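Working through the structure, step by step
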Amino acid sequence: MATAKMKSQSKVRKSMLDRLKNFNAEQNGLEELMYLLAVANTLRTTYEATQVESPEWLDRSIKSVRRAIKDRTADDAARRLAELKARRAALLTPDEKRRALDEEIAKLEPVAAD
């Protein structure tokens, strides 16, 4: 029983290492990205604690995962901002909508004339 459990844990570790070495942001959701970052940071801390130089792929993976998390959260924020702006625009009176359109037209006319 203990041997089967150890083999299973070994496969999970191997899988995590493979995912970090061959990182692809598109294949992971935000929760998985956070998990990969935690595993990578723990691995790097372990290398440092044992005074062994960490492999280059580990630092590259950590940077890539952090960038993917930042991009994903920025995309989510942009999507939410668009939703909120659309809801706010729906609350405008016809006169407010007309005024906003006139302002946008005034801004674009000089650019379009060039």
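One can find the structure itself at the top, above this paragraph.
In this report, the structure presented in the accompanying data block is examined.

Cut-off values and rules
- Sequence positions are assigned chain by chain, starting from 1 and proceeding in written order.
- Since the coordinates come from a predicted model, pLDDT governs what is reported: local features require at least 70, and pairs of side-chain atoms require 80 or more to be given and counted, while whole-chain, interface and lining totals use all residues.
- The side-chain figures draw on all heavy atoms in the structure; neither hydrogens nor water molecules are used.
- Convention adopted: a line fitted to C-alpha atoms gives each axis, helices being fitted over their contacting stretch, and angles between N-to-C directions are expressed from 0 to 180 degrees.
- Helix and strand assignments come from DSSP, with helices taken as H or I runs of at least 4 residues and strands as E runs of at least 2, each series counted from the N terminus.
- An angle below 35 degrees is read as roughly parallel, one above 145 as roughly antiparallel, one from 65 to 115 as roughly perpendicular, and any other as oblique.
- Crossings are assigned a handedness: left-handed for a near helix turned anticlockwise from the far helix by less than a right angle, right-handed for a clockwise turn.
- We call two residues contacting when some pair of their heavy atoms lies within 4.5 Å.
- Side-chain classes follow a simple rule in which Ala, Val, Leu, Ile, Met, Phe, Trp, Tyr, Cys and Pro form the nonpolar group, Asp, Glu, Lys and Arg form the charged group, and the remainder, Gly included, forms the polar group.
- Only protein chains enter the area calculation, which uses a 1.4 Å probe; residues under 20% of their type maximum are buried, those over 50% are exposed, and those in between are partly exposed.

We now examine the packing of helix α2 (residues 30-49) against helix α3 (residues 56-90). At a closest axis distance of 9 Å, the pairing of α2 and α3 adopts a crossing angle of 150°. What the angle tells us is that α2 and α3 run roughly antiparallel. Crossing handedness for the pair α2 and α3: left-handed. Only Trp57, Leu58, Asp59, Ile62, Val65, Arg66, Ala68, Ile69, Arg72 and Thr73 of α3 make contact with α2, whose side of the interface consists of Leu30, Leu33, Met34, Leu37, Ala40, Asn41, Leu43, Arg44 and Tyr47. Its residues assigned to classes, the contact of α2 with α3 comprises 13 nonpolar, two polar and four charged.

Moving on: the side chain of Ser61. Position of Ser61 among the secondary structure elements: in helix α3. When its relative accessible area of 4% is taken as the criterion, Ser61 is described as buried. Setting aside anything within four residues of it in sequence, one finds Ser61 in contact with Leu20 and Lys21.

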